[in-house]
Amino acid sequence: MRITPDKMNKLDGRVCFICGKYLLNYTEKDMAYLKVHSGSTMKAKPNMYHLFSCPSCTKMAHKRCWYDVGEKKVKKGWFGKSEYILSCPSCGTDLSSKREKRVDWNRGYEIPDHPESEILELHVSDVVTWKAGSVFGKIGKAIDNFFQAVGLGSLTNPERNAVARAASNVGKTIQDVAERVFKIKLTPQQRAELKELRCQNCDAPLPMPGEFVDAVVCAHCGTAHLL
Ligand SMILES: [Zn+2]
Ligand SMILES: [Zn+2]
Ligand SMILES: [Zn+2]
């Protein structure tokens, strides 16, 4: 099932339970390959990657993480050959039958025994569109007239630097920051009267920003707030 940019908000800020990185972040090694029968390898076009949830505990991870960590080698008896089985690293449920071989990643590995309808397909071009804030940037979702949600990719360099500094204050890097950033528009007077600040994503209390601080990042969910 292809996830289009308008549905990506549901994945915003959520992390892969295996690698701990954001589900909307990917690396070259997450990229899908096609099953090619000639024996050669071929990358899927357009560039895409996939996510899969454990049907038992519902935890979600990159398909590549399932391949790297979920595929277990089990021995058939003491001297028997090894077989592969996909099992959930979180709840331990076996999610596939035992197979003699595992299809290599670059030969078009697929989550075994689960139909494509259970797999989320993310096209890199869609993710880039979403991250560039073309959805949020245009809608400019205003909350309580004070907050505006924008995409991380739409920030100016000084804003991005402020977010990076705020992230390091809570032991994170810019890579950990959620793609949806909240801009807070306060007059100096309103800012002086601010008594408490809560994360606009998860509602956790945020540290009160000092007078010269331009950004605060939620230590809990990694959502940045620009002041
Ligand atoms: Zn992962
Ligand atoms: Zn599970
Ligand atoms: Zn938060």
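Residues numbered from 1 in each chain as written. Chains lettered and ligands numbered in written order. Predicted model: local features only at pLDDT ≥ 70, side-chain atom pairs only at ≥ 80, totals over all residues. Heavy atoms only, no water.

Caption draft 1: Fine view of the environment of Lys63. For Lys63, the location among the structural elements is in helix α1 (residues 63-70). Once residues lying within four places of it in the same chain are set aside, the contact partners of Lys63 are His50, Leu51, Trp105, Tyr109, Glu110 and Ile111. Reaching out from Lys63, the side chain makes a polar contact with the backbone oxygen of Tyr109 at a distance of 3.1 Å. (Helix = DSSP H or I, 4+ residues; strand = E, 2+ residues; numbered from the N terminus. Contact = heavy atoms within 4.5 Å. Polar contact = N/O pair within 3.5 Å; in protein donor to acceptor, adjacent residues only side chain to side chain.)

Caption draft 2: Spatial organisation of the sheet that holds strand β4 (residues 60-62). If you trace the 3 strands from one edge of the open sheet to the other, you get β4-β3-β7, paired in antiparallel fashion. For this open sheet the edge positions go to β4 and β7 (119-123), each flanked by a neighbour on one side alone. Between one strand and the next, the sheet's axes are offset by a mean angle of 25°, whatever the strand orientation. Sheet topology note: the strand β3 (residues 48-53)/β4 ladder contains 3 bridges and is antiparallel. Bridging across to β4, Ser53 finds its partner in Met60. Against the sheet, α1 touches β3 and β4, its axis set at about 90° to β4. Docked against the sheet, helix α2 (residues 124-131) engages β3 and β7, running at close to 70° with respect to β7. (Pairing = 2+ DSSP bridges. Axes fitted to C-alpha atoms, helices over the stretch in contact; angles between N-to-C directions.)

Caption draft 3: Representation of the domain arrangement of the chain in the model. Examined at the domain level, the chain breaks down into domain 1 (5-126) and domain 2 (132-226). The interface of domain 1 with domain 2 comprises 6 residues on the first partner and 10 residues on the second. Summing both sides of the interface, domain 1 and domain 2 together bury roughly 620 Å²; the carbon and sulfur share of this comes to 44%. Contact with domain 2 buries surface across domain 1, with Asn9, Asp12 and Tyr22 losing the most and accounting together for 66% of the total. Between domain 1 and domain 2 we count 0 salt bridges in total. In this structure, the connection of domain 1 to domain 2 is made through 3 residue pairs in polar contact (both at pLDDT 80 or more). (Domains from an automatic or database assignment. Buried area = accessible area lost by both parts, 1.4 Å probe. Salt bridge = Lys/Arg side-chain N within 4 Å of Asp/Glu carboxyl O.)

Caption draft 4: Highlighting the packing of aromatic side chains. Taken as a whole and judged by the stated rule, the model has 6 aromatic pairs. One aromatic cluster is present, built from ring pairs that chain together Phe17, Phe52 and Trp66. (Phe/Tyr/Trp six-rings, centres within 6.5 Å; stacked < 30°, edge-to-face > 60°.)

Caption draft 5: Broad picture of the coordination of the zinc ion (ligand 3). With distances of 2.3 to 2.4 Å, the protein atoms coordinating the zinc ion (ligand 3) are Cys199 (SG), Cys202 (SG), Cys218 (SG) and Cys221 (SG). For the zinc ion (ligand 3), the 4 donor atoms in the first shell make angles of 105 to 113° at the metal, a pattern classed as tetrahedral. The sequence pattern formed by the donor residues of the zinc ion (ligand 3) is C-x2-C-x15-C-x2-C. Of this pair, Cys199 sits in the loop between β11 (197-198) and β12 (205-206) while Cys221 is found in the loop between β13 (215-217) and β14 (224-226), placing the two residues 22 residues apart along the sequence. Look at Cys199 and you get buried, because its relative accessible area is 3%. (Donors = N, O, S within 2.8 Å, 3.2 Å for Na, K, Ca; no water. Tetrahedral: all angles 85-135°; square planar, octahedral: opposite > 155°, others 65-115°. Buried < 20%, exposed > 50% of the residue type's maximum accessible area, 1.4 Å probe, protein only.)

Caption draft 6: Molecular detail of the layout of surface pockets. Put simply, the largest pocket is a space of about 400 Å³. Forming the walls of the largest pocket are 19 residues, and the residues nearest its centre are Cys19, Lys21, Tyr22, Asn25 and Gln175. A per-class count over the lining of the largest pocket returns 6 nonpolar, 6 polar and 7 charged. Looking at the second largest pocket, its volume works out to about 310 Å³. Lining the second largest pocket are 18 residues, and of these His50, Lys63, Tyr109, Glu110 and Glu116 lie nearest its centre. Of all the elements in the fold, those that place two or more residues in the lining of the second largest pocket are β1 (33-34), β3 and β7. (1 Å grid on protein atoms, 1.4 Å probe; cavity = no way out; pocket = protein on both sides within 12 Å on 5 of 7 lines; lining within 4 Å. Points joined across faces, edges and corners; volume = space filled by probe spheres on them. Nonpolar A, V, L, I, M, F, W, Y, C, P; charged D, E, K, R; others polar.)

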